[in-house]
Every structure is written in structure tokens, then in C-alpha cells.
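Here is what each chain is made of, one letter per residue.
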Amino acid sequence: MEKVLIIDDNSINLKMASMALKEVCKPVPVPSGEMALKFLSTNRPALVLLDIEMPDMDGFETLKAIRKIPDMAELPVIFLSASTDDETRDSALAAGGADYVVKPFRKEELLKAVQPHLM
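Novice: Explain unusual backbone geometry to me, using residue names and the numbers behind them.
Specialist: Following Lys103, the chain continues into Pro104 via a peptide bond in cis, with omega recorded as -5°. Inspection of the secondary structure assignment puts Pro104 in the loop between strand 5 (99–102) and helix 5 (107–114). One non-glycine residue, Asp56, lies in positive phi territory at about 70°. Relative to the elements of secondary structure, Asp56 occurs in the loop between strand 3 (47–51) and helix 3 (59–67). Residue classification places Asp56 among the exposed residues on the basis of a relative accessible area of 72%.

Novice: Go over the sheet that holds strand 1 (residues 3–7), please, and point to the residues and values.
Specialist: Taken together, 5 strands build an open sheet; the order of strands is 2-1-3-4-5 and the sheet is parallel. The sheet is open, and its two borders are formed by strand 2 (26–30) and strand 5, each paired with just one other strand. Here the strands of the sheet are splayed against their neighbours by 20° on average, with no regard to which way each runs. As paired elements, strand 3 and strand 4 (residues 77–81) share 4 bridges and run parallel to each other. What sits directly across from Leu49, in strand 4, is Ile78.

Novice: Lay out the pairing of strand 1 with the relevant residues and their values.
Specialist: Most of strand 1 sits out of view: 4 of its 5 residues are buried. The pairing of strand 1 with strand 2 spans 5 bridges and is parallel. Bridge pairing in strand 2 places Ile6 opposite Pro29. Where the polypeptide runs from strand 1 across helix 1 (residues 11–21) and back to strand 2, its parallel neighbour, the crossover connection is right-handed. Here 4 bridges tie strand 1 to strand 3, and the two strands are oriented parallel to one another. Following the sheet pairing, Leu5 is matched in strand 3 by Val48.

Novice: Which residues make up the nonpolar core, and what values go with them?
Specialist: Within the largest apolar cluster, 20 residues are counted, with the highest numbers of intra-cluster contacts made by Leu5, Ile7, Leu40, Val48, Leu50 and Phe79. When residues of this core are traced back to their parent elements, those giving at least two are strand 1, strand 2, helix 2 (33–40), strand 3, helix 3 and strand 4. Residue contributions to this core peak at 3 residues, all from helix 2. Each residue touching Val48, except ones within four places of it in the same chain, is listed here: Leu5, Ile7, Leu75, Pro76, Val77 and Ile78. Counting 19 residues, the second-largest nonpolar core is a separate cluster that includes Ile6, Leu111, Ala113 and Val114.

Novice: Explain helix 4 (residues 86–94) to me, using residue names and the numbers behind them.
Specialist: The residue sitting at the N-terminus of helix 4 and contributing the capping side-chain oxygen is Asp85; that oxygen lies 3.2 Å from the backbone nitrogen of Glu87. Gly96 occupies a position one or two residues after helix 4 and carries a positive phi of about 120°.

Rules used in this analysis
- Residues numbered from 1 in each chain as written.
- Predicted model: local features only at pLDDT ≥ 70, side-chain atom pairs only at ≥ 80, totals over all residues.
- Heavy atoms only, no water.
- Helix = DSSP H or I, 4+ residues; strand = E, 2+ residues; numbered from the N terminus.
- Buried < 20%, exposed > 50% of the residue type's maximum accessible area, 1.4 Å probe, protein only.
- Pairing = 2+ DSSP bridges.
- Axes fitted to C-alpha atoms, helices over the stretch in contact; angles between N-to-C directions.
- Right-handed = clockwise from strand over helix to strand, strands pointing away.
- Core = buried A, V, L, I, M, F, W, Y, C linked by side-chain atoms within 4.5 Å.
- Contact = heavy atoms within 4.5 Å.
- Polar contact = N/O pair within 3.5 Å; in protein donor to acceptor, adjacent residues only side chain to side chain.

Structure below.
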């Protein structure tokens with residue numbers, strides 16, 4: 001089963017995303033961009049779900065750091081955000097996001113975004 005890295009500083013969001021995805025992949029929840037980079041240094045998931053609003057290293061900074069890791073330039077990243085404004089969505093997609101899912105998400109909505117990236 002393919003791994004999906006979930007990066008979110010909120011433990012409830014990590015748990016909800018993990019529960020929603022456990023039937024289609026192996027969720028790997030981490031609470032920060034720094035921990036995600038450590039995981040990615042030795043693992044290559046099929047997909048990354050990335051929160052935008054995080055302390056220390058936000059989602060945009062995390063994505064830039066991910067893109068610098070060898071073999072991660074094309075890794076699909078879906079942004080997760082509570083922000084519903086078009087400007088944030090457009091910025092996330094322009095930064096290289098494959099998709100944008102608004103939190104709180106419905107399980108069906110998250111699965112619809114994730115499925116195309118899993119084999």
C-alpha cells in the first residue's frame with residue numbers, strides 16, 4: 001500500500017485525514033515541516049498532504065524545501081487549508097500544489113483529490 005505523508009500541526013486534523021485515507025493508502029502523519037523533511041530524506045511517498053498555516057515553517061516554505069530534495073521535484077502535493085479565499089488557493093496552486101482542499105473536509109472530497117495520485 002502506498003504511503004501518503006500528511007503534514008499538519010493540528011493533531012485532530014492529522015487524525016481525521018489519516019482515518020479518511022486508511023482504506024486507500026498508508027497515511028504517515030507528521031506535525032511539522034521539519035519532521036516531514038526528515039521523513040522525506042529516507043522515504044518517497046506517493047503523495048503529500050500539506051497544511052499551509054503552521055508555526056516555524058509554513059506550507060509554502062515546506063514545499064520549497066521538499067522541491068530541493070533529490071527525486072522530490074515532481075512529488076504531488078495537495079494543500080490543505082481552512083482558508084476559503086481565492087487568493088490563497090491561487091497562491092497554493094501557483095506554488096506547485098496539485099490540488100487544494102478546504103478544511104474541514106469531507107472524507108469523499110479528500111478521497112477524490114487523493115485517488116488520482118495513487119496507483
